[in-house]
Amino acid sequence: DTITVVGLGVTGKSFFVYAQKFSAGLCIFPLQSSALLFCHTHEKSWLAWVALIFCAPVGIFLMWKYKHHGKVLRSVASVLFAIIWLNVVFGGSDDVAKEEDSTEVAAVEEEEDIEEENEEEIEDKDEEPEKEEPEKEEPEKEEKEEQEKKEKKEESRSPEEIIENVITDTLKEKTNYDAERIAEISVINTDEGDFLQLTLNGNDNLTAGFIKTGIYRDTLDLLKEFDQLDSVDVNNVMFSWQVPLVDAYGNEDLGEVMRINLSGETLSKINFDNFNYDNFPIVSDEYWEHPVFE
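Since the structure is predicted, the reported quantities are computational estimates derived from the model, not experimental observations.

Chemist: Outline unusual backbone geometry, listing residues and values.
Modeler: One non-glycine residue, Lys172, lies in the positive phi region at around 75 degrees. Mapped onto the fold, Lys172 is located in the loop between helix H6 (159-171) and strand E1 (182-190). Take Lys172: its relative accessible area is 60%, and that puts it in the exposed class. One non-glycine residue with positive phi stands out, namely Asp178, at about 70 degrees. Along the chain, Asp178 falls in the loop between H6 and E1. Look at Asp178 and you get exposed, because its relative accessible area is 56%.

Okay, here's the thing in structure tokens:
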């Protein structure tokens, strides 16, 4: 494994080779002269071995100069350390060059691979078909088309069917005691507009006061819807409301409990957004309620 030396840009192997070269160059002159001088005065064999390890030429010279050990050992040591020293000094540069070349080649190949991947991604994007963005229809156009469909649908129905549909959509088809909401519908066409006569069943409740309030609220909700109609010109409306009543004998049956009649003139005066339904007895052209509400 190689270890990168931070700041120098070389690997551990090349750093070792450069260090050996540097030490070899240093020992050729000053170390050689000092070692020769020390050995000349002491003639120690251990110094020759130290010199062999750190600077082979000096060690070889010392071993043969002072004839340390036998010729066979001197010859083997001289050849071995000479080969190692020559390989370090003159062969290390080739290894460093090869290592640097291999590093450069690997870097170039990696860059080429990245470029090829980028080119393939660009080609894939170019080949992808462009997604057609759905055309955004203008809200006004959609509302206009819906209104036209609604008007055509209403034109194909009778006035009674239109009013019936409004009532069932607003108050549901049945009451909370499972009776049909609509008892009778009549639409009379006049020169001034359409006259509605409606007999409807109201919801039951805990007290007579709650029943009365519920009828008021349902009447106002229907009038608001009638005011938005185009195919039926509501000019006069008469509501007749029924709820279950119990007679003196304990028998229960639907009976009329309220009547509200509003003319076209009265309807034109009512602002349905701010109208208080408790004022129906005041503004109605005809108003009647059962004594049970008194």
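From this point on, the discussion continues.
Chemist: Lay out the nonpolar core in plain terms, naming residues and giving numbers.
Modeler: Counting residues in hydrophobic clusters, the biggest one holds 33 residues, and the most contacted among them are Ile163, Leu198, Leu223, Phe226 and Phe239. Looking at this core, the elements that each hand over two or more residues are H6, strand E2 (193-201), helix H7 (208-227), strand E3 (234-246) and strand E4 (252-262). Ranked by residues supplied to this core, first place goes to H7 with seven residues. When neighbours within four sequence positions are excluded, Phe239 is seen to be in contact with Leu198, Leu200, Thr219, Leu222, Leu223, Phe226, Met258, Arg259 and Ile260.

Chemist: Explain a negative patch on the surface to me, and be specific about the residues and the numbers.
Modeler: On the surface, a cluster of negative charge is made up of Glu109, Glu110, Glu111, Glu112, Asp113, Glu115, Glu116, Glu117, Glu119, Glu120 and Glu121. Take Glu116: it is sitting in helix H4 (residues 71-127). The class of Glu116 is partly exposed, set by a relative accessible area of 44%.

Chemist: Tell me about the packing of H6 against H7, and please be specific about residues and values.
Modeler: Relative orientation of the contacting elements H6 and H7 amounts to 130 degrees, with a least axis distance of 10 Å. The angle between the axes of H6 and H7 places the two elements in the oblique class. Judged by the twist between their axes, the crossing of H6 over H7 is right-handed. Within the contact between the two elements, H6 uses Ile163, Val166, Ile167, Thr170 and Leu171 and H7 uses Asp218, Asp221, Leu222, Glu225 and Phe226. Broken down by class, the residue content of the contact of H6 with H7 amounts to six nonpolar, one polar and three charged.

Rules used in this analysis
- Residues numbered from 1 in each chain as written.
- Predicted model: local features only at pLDDT ≥ 70, side-chain atom pairs only at ≥ 80, totals over all residues.
- Heavy atoms only, no water.
- Helix = DSSP H or I, 4+ residues; strand = E, 2+ residues; numbered from the N terminus.
- Buried < 20%, exposed > 50% of the residue type's maximum accessible area, 1.4 Å probe, protein only.
- Core = buried A, V, L, I, M, F, W, Y, C linked by side-chain atoms within 4.5 Å.
- Contact = heavy atoms within 4.5 Å.
- Patch = residues over 30% accessible without salt bridge, like charges linked within 9 Å, V, L, I, M, F, W, Y side chains within 5 Å.
- Areas by Shrake-Rupley, 256 points an atom, 1.4 Å probe, with all protein chains shown as cover.
- Salt bridge = Lys/Arg side-chain N within 4 Å of Asp/Glu carboxyl O.
- Lys, Arg positive; Asp, Glu negative; His and termini not counted.
- Charge placed at Lys NZ, Arg CZ, Asp CG, Glu CD.
- Axes fitted to C-alpha atoms, helices over the stretch in contact; angles between N-to-C directions.
- Parallel < 35°, antiparallel > 145°, perpendicular 65-115°, else oblique.
- Left-handed = near helix turned anticlockwise from the far one by under 90°.
- Nonpolar A, V, L, I, M, F, W, Y, C, P; charged D, E, K, R; others polar.

Such coordinate-based values are descriptive only and should not be taken to indicate function.
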